[in-house]
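Structure at a glance
Letter by letter, the chains look like this.
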Amino acid sequence: MPDIVILNGRVITFDGPDAEALAIEDGMITAVGSTADIRDMAGTARVIDAQGGTVLPGFIDSHVHLFGGSAELDFLNLHGLKGAQQLAAALRPYAAERPDDTLLFACSIDYALMGDRPITRHDLDAAIPDRPFAASTADHHTVYANTRALEMAGLMHGADCGVGSEVVMGADGLATGELLEPAAFEPILKMTTFGGRDMLGMLTGADPVPAPDRQTRAIDKAAIAKGFQHCARHGITGLHNMDGNFYQLELLSEMEAEGTLLCRTEIPMHLKHTDPVERIDEAAEMRARYTGDMVWSNRVKMFQDGVLDSRTAYMLEPYPGTDSRSEPLFSDAQFKQACIRADAMGLQIAVHAIGDAAVRQTLDGYEAAQKANGARDSRHRIEHVETIHPDDIPRFKQLGVVASMQPLHSPRGGFFPPYEPNDLLHPHQFKTAFPWRTIRDTGAALVFSTDWPVVPVDVMPSIQGAVAGIELPDYWPDQRLTLRDALAAYTRDNAWVEFNEDRKGRLRPGMMADVVVMGSDLDAMPPDQLGNAMPAVTICAGRITFET
Ligand SMILES: [Zn+2]
């Protein structure tokens, strides 16, 4: 007898034709068919009337930072604010609300808050002079801090942070307030309400030291629980975290036992360029220890470069008007060694690569692994791929590499402002910027995600960004996908990329009961309105995790 039946839907099965209804029993889908057939078997089951709304496999966001995203639900969000006045106005009530915070922390500060010139500590001092304050950009690759915060963190006179990170210094010999990349801003994050634990896995991959006590763990779990509720509200039943350490795996396992884990979550091991490659053995330890359907580990995450906005993405030619093309975090030899070792252990690899040179170096590393270990169904991933040299486009299909992309990272998505030729990119580089359809058209696999909290974890605005996009000058290529293809890249294909295509991502008997019932018929909506569609019910492992 089913526990739950869903009737009167437009059920997109990704497994043959659409259906109208389905039945769930013991966390599994047991039947898919017409409303009449499924109603006949309903018995005492809970009946969900989809009222013509689209029913889909639960969304899987294949690139998130769960702890960071959850923590940020609590921090002031500065997205869309411009100029000193707007900043000060937003900060005043926030500061009043939080008299006890050692450091006032905000997120999603606009790189262009002050127009064309970089933000300085003096700008932030003008908004809030009397308390330590810092804000991270949406991409988490830059933090700006005011004078009080820099003094408290001991950064006023600079710091040696190694390759790729920088405390930017002014002509006066003091820090300007701009902190580039993790090693530069770690001392600031240590002063937030989460002590930087929310970002540790993201920045250093390390576990917090000393190990957090019970009370601290409870604070962290409460934050993550809110994050899960937020994800469930957006129809999400699965997450691929892009940062990780044993601490996060422990917290999530405790939450599973406590009943607060609302999305299945995969946690990787984060290998830094400053780590010995032997550290990859920790990934095997994580994989061996965490093997559940709800919490598991099977992947190594690396960063190859930074981001375009701060010109830290590693490019094949210098940025317009400069002689800098930035530099890779991993040397070529070290990266190949890491790929060969991880691949030989049967681990999946996911690498952040935004610049075209970083994308090439990553493909070269995957190719080296294939040569050394033989070809296998590895499903190695490249995260972001915001620029690519045309010669490298066919290599995704050739090497079996997955393009893992974020529709809202492209200015086409309408979330971040577009840039003009010769600012961050040369005119000829636009043709292959954010090339999700171009790569997919070669037959390579494409998966979608948000990189939450870089952009909101909300699924449907990302779908709208991929399907409709906003009007932009013609030098931005048209990369629009059909609705069904975009939805597949968020469900079926995200299940495939985690090696779970036989267990989820499609609606058919025998699959895990991860299902989202949308409040509307997506096929009938104008593409530029899709972002407004919201789930009515979310079901993960046969349990209702959200309903309106
Ligand atoms: Zn990320």
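Residues numbered from 1 in each chain as written. Predicted model: local features only at pLDDT ≥ 70, side-chain atom pairs only at ≥ 80, totals over all residues.

The helix and strand inventory of the protein stands at 17 helices and 25 strands. The globule rule puts the C-alpha radius of gyration for 548 residues at 24 Å, and the 23 Å found for the protein is close to it. Seen along its three principal axes, the alpha-carbon backbone of the protein occupies a region of about 80 × 55 × 50 Å. Looking at the protein as a whole, 54% of its 548 residues are labelled buried. Taking all contacts inside the protein whose residues are at least 6 apart in sequence as the whole, residues at least 24 apart take part in 72%. (Helix = DSSP H or I, 4+ residues; strand = E, 2+ residues; numbered from the N terminus. Rg over C-alpha atoms; globule rule 2.2 N^0.38 Å. Buried ≥ 20, exposed ≤ 12 C-beta atoms within 10 Å, placed from the backbone. Contact = placed C-beta atoms within 7 Å.)

Right, let's get into the domain arrangement of the protein. Here the domain parsing of the protein yields domain 1 (4–58 + 510–547), domain 2 (78–192) and domain 3 (272–497). Relative placement of domain 2 and domain 3: their C-alpha centres are 28 Å apart. Between domain 2 and domain 3, the contact holds twelve residues from the first and ten residues from the second. Tallied by class, residues from the side of domain 2 that touches domain 3 come to five nonpolar, five polar and two charged. (Domains from an automatic or database assignment. Nonpolar A, V, L, I, M, F, W, Y, C, P; charged D, E, K, R; others polar.)

Our next topic: the pairing of strand 1 (residues 4–7). Where burial is concerned, the two faces of strand 1 agree: the one with I4 and I6 and the one with V5 and L7 are both buried. The pairing of strand 1 with strand 5 (residues 46–49) spans four bridges and is classified as parallel. Bridge pairing in strand 5 places V5 opposite V47. Sheet topology note: the strand 1/strand 3 (residues 21–25) ladder contains three bridges and is antiparallel. By the bridge assignment for strand 3, I4 is matched with I24. (Pairing = 2+ DSSP bridges.)

Right, let's get into the nonpolar core. One broad rule of soluble globular proteins: the nonpolar side chains tend to lie buried together. In this structure, I6, L22, A134 and V517 are the most contacted members of the largest nonpolar core, which totals 171 residues. By residue number, the principal contributor to this core is helix 12 (residues 356–373), which donates six residues. Excluding residues that lie within four positions of it along the chain, V517 makes contacts with I6, G9, I48, A50, G53, V55, P535, A536 and V537. (Core = buried A, V, L, I, M, F, W, Y, C linked by C-beta atoms within 7 Å.)

This paragraph deals with the sheet that holds strand 6 (residues 54–57). A sheet is described by the order of its strands in space; here five strands give the open sequence 2-6-23-24-25, paired in mixed fashion. Edge positions in the open sheet fall to strand 2 (10–11) and strand 25 (543–547), since each of these has one partner strand only. Both strand 6 and strand 23 (residues 515–518) contribute to a ladder of three bridges, which runs antiparallel. Paired with L56 across the strands is V516, a residue of strand 23.

The subject of this paragraph is unusual backbone geometry. Of the consecutive residues V209 and P210, the connecting peptide bond is found in the cis state with omega at -5°. Locating P210 in the fold gives a position in the loop between helix 7 (197–203) and helix 8 (214–233). A cis geometry characterises the amide bond from W452 onward to P453, with omega recorded as 5°. Mapped onto the fold, P453 is located in the loop between strand 22 (446–448) and helix 15 (459–467). Not every positive phi belongs to a glycine, and S108 is a case in point at roughly 60°. Summarising the element assignment, S108 is placed in strand 9 (residues 104–109). Judged by C-beta crowding, with 22 C-beta atoms within 10 Å, S108 ranks as buried.

Take helix 8 next. For helix 8, with 20 residues, the first-to-last C-alpha span of 28 Å sits near the 28 Å given by 1.5 Å per residue. Among all positions in helix 8, only D220, A223, I224, G227, F228, C231 and A232 are buried. Tucked into the core, helix 8 has its buried residues touching helix 2 (66–72), helix 7, strand 14 (236–241), helix 9 (246–258), strand 24 (535–540) and strand 25. The positive-phi residue at the C-terminal boundary of helix 8 is G235, with phi of around 80°. (Expected span 1.5 Å × (residues − 1).)

Tracing the sequence through the fold places F396 in helix 13 (residues 393–399). Contact partners of F396, with chain neighbours within four places excluded, come to V401, A403, I439, T442 and A444.

So, about the sheet that holds strand 20 (residues 381–384). Hydrogen bonding along the main chain pairs the strands of a sheet, whether they run parallel or antiparallel. Taken in spatial order, the six strands make up an open sheet running 16-18-19-20-21-22, and their pairing is parallel. If you trace the sheet from one side to the other, it starts and ends with strand 16 (269–270) and strand 22, each paired once. Two strands pair when backbone bridges link them, and strand 21 (residues 402–405) and strand 22 are joined in this way by three bridges, in the parallel orientation. Looking at strand 22, one finds that A403 is bridged to L446.

Moving on: the packing of helix 8 against helix 9. Following both chains from N to C, one finds helix 8 and helix 9 inclined at 70°, their axes separated by 10 Å at the closest point. By the angle class used here, helix 8 and helix 9 are roughly perpendicular. For the pair helix 8 and helix 9, the contacting residues are R217, D220, K221, I224 and A225 in the first and L251, E254 and M255 in the second. A per-class count over the contact of helix 8 with helix 9 returns four nonpolar, no polar and four charged. (Axes fitted to C-alpha atoms, helices over the stretch in contact; angles between N-to-C directions. Parallel < 35°, antiparallel > 145°, perpendicular 65-115°, else oblique.)

This brings us to the environment of A369. Structurally, A369 is set in helix 12. Excluding its chain neighbours within four sequence positions, the residues that come into contact with A369 are C339, I340 and D343.

Attention shifts here to the packing of helix 11 (residues 332–344) against helix 12. Axis separation between helix 11 and helix 12 bottoms out at 8 Å; the angle between their running directions is 50°. For the element pair helix 11 / helix 12, the angle class is oblique. Of the two elements, helix 11 crosses helix 12, and the hand of that crossing is right-handed. Taken together, the residues of helix 12 that come into contact with helix 11 (itself represented by D332, F335, K336, C339, I340, D343 and A344) are Q361, G365, Y366, A368, A369, A372 and N373. (Left-handed = near helix turned anticlockwise from the far one by under 90°.)

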